[in-house]
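Below, each chain spelled out in residue letters.
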Amino acid sequence: MNFIIFDLEATCWEGSPPSKVQEIIEIGAVLMNGYGEVEDEFSRMVRPILNPRLSAYCQELTNIKQMEVDRAALFPSVVESFQDWGLMLDEDYVLCSWGGADKRLLLQDCQLHDIEDDWVHSHINIKHQYMELKRLRRPRGLKASVEAEGFDFTGPQHRALADAQNLAKIFLKYLDVWQF
C-alpha cells in the first residue's frame, strides 16, 4: 500500500466572492510506502483557466507568483503526471490530506476538465482522524498540529510541497493508527 500525502494550493480571494470558483494552482505530495519510508516527492504548478489572474491576496498568502502559474501546464496534464508519479493506476494507494477541501478541489477540477475522478475516492481526511485521535473539540491548523507533536514546521506555509512534507511528519508518527 502506498500513501500519497498531498496538499493543494488554489486560487483565492480575500473574503469569499460568490462569483469566483477556486481552481488548483499547485500540487505537492510525498509518496510513502507501507513501512513509512518516503519514496519520492511531487511538486507542480497548475495554470488556472476560469480565473487565470491570481489575486494579490492569493499571491501574498501562497507566495506563488503570476509568472509561475502562467508558465505552468493545465490541470489535465499535471494531474496525469501526478497519477503516473503516484503509481495510482498500478498499485494500491490512499490519498491523504489535511481536511476535506483538497479532495473536493480535485473532484471539482476533474469535473471542470471532464476527467474521470474515480481515483480521488481512495482518500482519508487526516485532520478529522487526528482530531478524534487527540480528542480535540475543534480541529487545529496543520502548523499548530505539527508543532503540538514536537516537530518543527519546515518550509513556507501555504506551499503545497512544504505542507505535504509537514503533514507526512504527523502521518508517519501515527502510521499504524489511521483508518482507511
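Further up the page is the structure itself.
Residues numbered from 1 in each chain as written. Predicted model: local features only at pLDDT ≥ 70, side-chain atom pairs only at ≥ 80, totals over all residues. Heavy atoms only, no water.

(A) Inspection of the sheet that holds strand β5 (residues 93-97) at higher detail. Ordered by their spatial adjacency, six strands build an open sheet running β4-β3-β2-β1-β5-β6, and the pairing between neighbours is mixed. The open sheet has two free edges, formed respectively by β4 (73-74) and β6 (123-125), since each of these has just one partner strand. When strand β3 (residues 38-47) meets β4, the two strands line up parallel, connected through two bridges. Across the sheet, Val-46 pairs through a bridge with Ala-73, a residue of β4. Running at roughly 175° to β3, helix α3 (residues 75-85) makes contact with β1 (2-10), β2 (24-32), β3, β4 and β5 of the sheet. (Pairing = 2+ DSSP bridges. Helix = DSSP H or I, 4+ residues; strand = E, 2+ residues; numbered from the N terminus. Contact = heavy atoms within 4.5 Å. Axes fitted to C-alpha atoms, helices over the stretch in contact; angles between N-to-C directions.)

(B) Main features of helix α5 (residues 126-133). Every buried residue of α5 is listed here: Ile-126, Gln-129 and Tyr-130. Projected down its long axis, α5 shows its buried positions confined to an angular sector of 100°, all on one face. Turning to α5, the residues buried within the fold contact β5, β6, α6 (142-148) and α7 (160-173). Taking the backbone nitrogen of Lys-127 as reference, a side-chain oxygen 3.1 Å away marks Asn-125 as the first, capping residue of α5. Positioned one or two residues after α5, Arg-135 has a phi angle of 55°, which is positive. (Buried < 20%, exposed > 50% of the residue type's maximum accessible area, 1.4 Å probe, protein only. Arc of directions from axis to C-beta. Polar contact = N/O pair within 3.5 Å; in protein donor to acceptor, adjacent residues only side chain to side chain.)

(C) Main features of the nonpolar core. In terms of nonpolar packing, the biggest core is built from 23 residues, with Ile-4, Ile-24, Ile-27, Phe-82, Leu-95, Leu-106 and Trp-119 touching the most fellow members. Listing elements by their share of this core, those giving two or more residues are β1, β2, β3, α3, β5 and α4 (101-112). Per-element tally for this core: the top contributor is α3, with five residues. Among residues more than four places away in sequence, those in contact with Ile-27 are Asp-7, Leu-8, Phe-42, Ser-43, Arg-44, Val-46, Val-78, Phe-82 and Ala-160. Ranked by size, the runner-up nonpolar core spans 22 residues in total, among them Ile-5, Val-30, Trp-98 and Trp-178. (Core = buried A, V, L, I, M, F, W, Y, C linked by side-chain atoms within 4.5 Å.)

Shape descriptors only; they carry no functional weight alone.
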